[in-house]
Amino acid sequence: MTETAPSIDGQPSSLLRRLAAIVYDALLLVAIWMVLGLLVVVIGNTTGLYSPRAHFVLNLIVAWGFFYWFWTRTGQTLGMQAWNIQLRTEAGHAVNAWQATLRYLVAVAQWLVILMAIWAVREYGAVAITVITAAALFALGLSQFHPRRWMLHDWLTGTELVRIPGLAKPRWKQNRKT
């Protein structure tokens, strides 16, 4: 008699899996930004119209397009596919355009808060480090105590990251004796 493993489909994704997917997606996004940056700088310098602010805004728009495309199509970016995570609504449906856009905007705002915190640490030293670390641990702790491990962008958009079953092993690995 063979035992089947308990189903992981629909269980909340762990913080470690989320962070791993973020790192994976960040590497992909940086590669896209590098190609875009080459094009923008070359075109901007040849025409004399290069603007660092416009370049920054273009990077934000491209990042939104990256996440919007994946989240509204399959609910998974490439990093989420690698870590068997899927973005769904509370009811288990696909994410719509508004939810994907709002989730991106809230996530960007959270990263801007982190960048402001880094600036505060550089300006104000140990006091800022203590306050910022306490606030970050509090925010992460709240998400870990939530029954579905929701973070701010999950709560505001009515979406969640869940684990899904991975792809089946190739036949040659299935037939191998361990």
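As a reminder, the structure under discussion sits directly above these lines.
Just so you know, these numbers come straight off a predicted model, no measurement behind them.

Peer 1: Would you explain the overall build of the chain in this entry?
Peer 2: Scanning the chain from N- to C-terminus turns up 7 helices and 2 strands. Shown N-terminal to C-terminal, the secondary structure of the chain runs as helices and strands in the order α-α-α-β-α-α-α-β-α. A buried classification covers 30% of the 178 residues belonging to the chain. Long-range pairs, those at least 24 residues apart, make up 72% of the contacts in the chain between residues at least 6 apart in sequence.

Peer 1: Would you explain unusual backbone geometry in this entry?
Peer 2: Peptide bonds are, in most cases, trans, and in most cases residues other than glycine have a negative phi. With a phi close to 55 degrees, asparagine 84 is a non-glycine residue in the positive phi region. Note on placement: asparagine 84 falls in the loop between α3 (78-82) and β1 (85-89).

Peer 1: Explain the packing of helix α2 (residues 52-73) against helix α4 (residues 97-124) to me, please; I cannot follow it from the model alone.
Peer 2: Helix-helix packing is characterised by the crossing angle of the two axes and by the distance between the axes. Between α2 and α4, the least distance of the axes is 9 Å, while the angle of their chain directions is 135 degrees. If you check the angle between α2 and α4, you find them oblique. Of the two elements, α2 crosses α4, and the hand of that crossing is right-handed. Contacts between α2 and α4 pair Leu60, Ala63, Trp64, Phe67, Tyr68, Trp71 and Thr72 from the former with Ala97, Ala100, Thr101, Arg103 and Tyr104 from the latter.

Peer 1: Got a minute to help me understand α2 in this structure?
Peer 2: Owing to its 3.6 residues per turn, the α-helix aligns residues three or four sequence positions apart on the same side. With 22 residues, α2 extends 32 Å between its outermost C-alpha atoms, agreeing within 8% with the 32 Å of an ideal straight helix rising 1.5 Å per residue. Along α2, the residues classified as buried are His55, Asn59, Ala63, Phe66, Phe67, Phe70, Trp71 and Thr72. Buried residues belonging to α2 abut α1 (15-47), α3, β1 and α4. Among the residues trailing α2, glycine 75 stands out with phi positive, at a value near 80 degrees.

Peer 1: Quick question: what am I supposed to make of the nonpolar core here?
Peer 2: In a soluble, globular protein the nonpolar side chains are often hidden away together inside. Judged by nonpolar contacts, the single largest core of 14 residues is most densely connected at Phe67, Trp71, Met80 and Leu87. Elements that contribute at least two residues to this core include exactly α1, α2, β1 and α4. Here this core gets 5 residues from one element, more than from any other, and that element is α2. When residues no more than four places from it in sequence are discounted, the contact partners of phenylalanine 67 are Asp25, Leu29, Thr77 and Tyr104.

Peer 1: Please clarify how the pairing of strand β2 (residues 159-163) should be interpreted in this entry.
Peer 2: Every regular strand shows the same layout, with side chains that alternate between the two sheet faces. A large share of β2 lies buried, amounting to 4 of its 5 residues. Pairing geometry for β1 and β2, over 5 bridges, is antiparallel. By the bridge assignment for β2, isoleucine 85 is matched with arginine 163.

Peer 1: Is there a simple way to explain the packing of aromatic side chains in this structure?
Peer 2: Aromatic ring pairs: the centre-centre distance and the angle between the two ring planes describe each pair. Taken as a whole, this structure holds 5 aromatic pairs when the rule is applied. Plain terms: the ring middles of tryptophan 64 and tyrosine 68 are 4.9 Å apart, the flat faces sit at 35 degrees to each other, and that makes the pair tilted. Residue tryptophan 64 and its partner tyrosine 68 are both found in helix α2; the two are separated by 4 residues, about one turn of the helix. Taking the centre distance of 5.1 Å and the plane angle of 35 degrees together, the rings of phenylalanine 67 and tryptophan 71 count as tilted. Taken together, the positions of phenylalanine 67 and tryptophan 71, both in helix α2 and 4 residues apart, correspond to about one turn of that helix. Each of the two residues, phenylalanine 67 as well as tryptophan 71, counts as buried. Within the aromatic cluster, the residues linked to one another by ring pairs are Phe66, Phe67, Phe70, Trp71 and Tyr104. Here arginine 103 stacks its cationic end above the ring of tryptophan 71, 5.5 Å away from the centre of that ring.

Peer 1: So what exactly am I meant to see when it comes to the pairing of β1 here?
Peer 2: Of all the 5 residues making up β1, 5 are buried; the element is thus mostly covered by neighbouring parts of the structure. The alternating pattern of β1 places Ile85, Leu87 and Thr89 and Gln86 and Arg88 on opposite faces, both of which are buried.

Peer 1: I keep staring at a nonpolar patch on the surface and nothing clicks. Help me out?
Peer 2: Residues Leu19, Ile22, Trp111, Leu112, Ile114, Leu115 and Ile118 make up a contiguous nonpolar surface patch of roughly 670 Å² in combined accessible area. Elements that contribute at least two residues to the nonpolar patch include exactly α1 and α4. At 5 residues, α4 tops the list of elements feeding residues into the nonpolar patch. Take leucine 19: it is sitting in helix α1.

Rules used in this analysis
- Residues numbered from 1 in each chain as written.
- Predicted model: local features only at pLDDT ≥ 70, side-chain atom pairs only at ≥ 80, totals over all residues.
- Heavy atoms only, no water.
- Helix = DSSP H or I, 4+ residues; strand = E, 2+ residues; numbered from the N terminus.
- Buried < 20%, exposed > 50% of the residue type's maximum accessible area, 1.4 Å probe, protein only.
- Contact = heavy atoms within 4.5 Å.
- Axes fitted to C-alpha atoms, helices over the stretch in contact; angles between N-to-C directions.
- Parallel < 35°, antiparallel > 145°, perpendicular 65-115°, else oblique.
- Left-handed = near helix turned anticlockwise from the far one by under 90°.
- Expected span 1.5 Å × (residues − 1).
- Core = buried A, V, L, I, M, F, W, Y, C linked by side-chain atoms within 4.5 Å.
- Pairing = 2+ DSSP bridges.
- Phe/Tyr/Trp six-rings, centres within 6.5 Å; stacked < 30°, edge-to-face > 60°.
- Lys NZ or Arg CZ within 6 Å of the ring centre and 35° of its normal.
- Patch = residues over 30% accessible without salt bridge, like charges linked within 9 Å, V, L, I, M, F, W, Y side chains within 5 Å.
- Areas by Shrake-Rupley, 256 points an atom, 1.4 Å probe, with all protein chains shown as cover.
- Salt bridge = Lys/Arg side-chain N within 4 Å of Asp/Glu carboxyl O.

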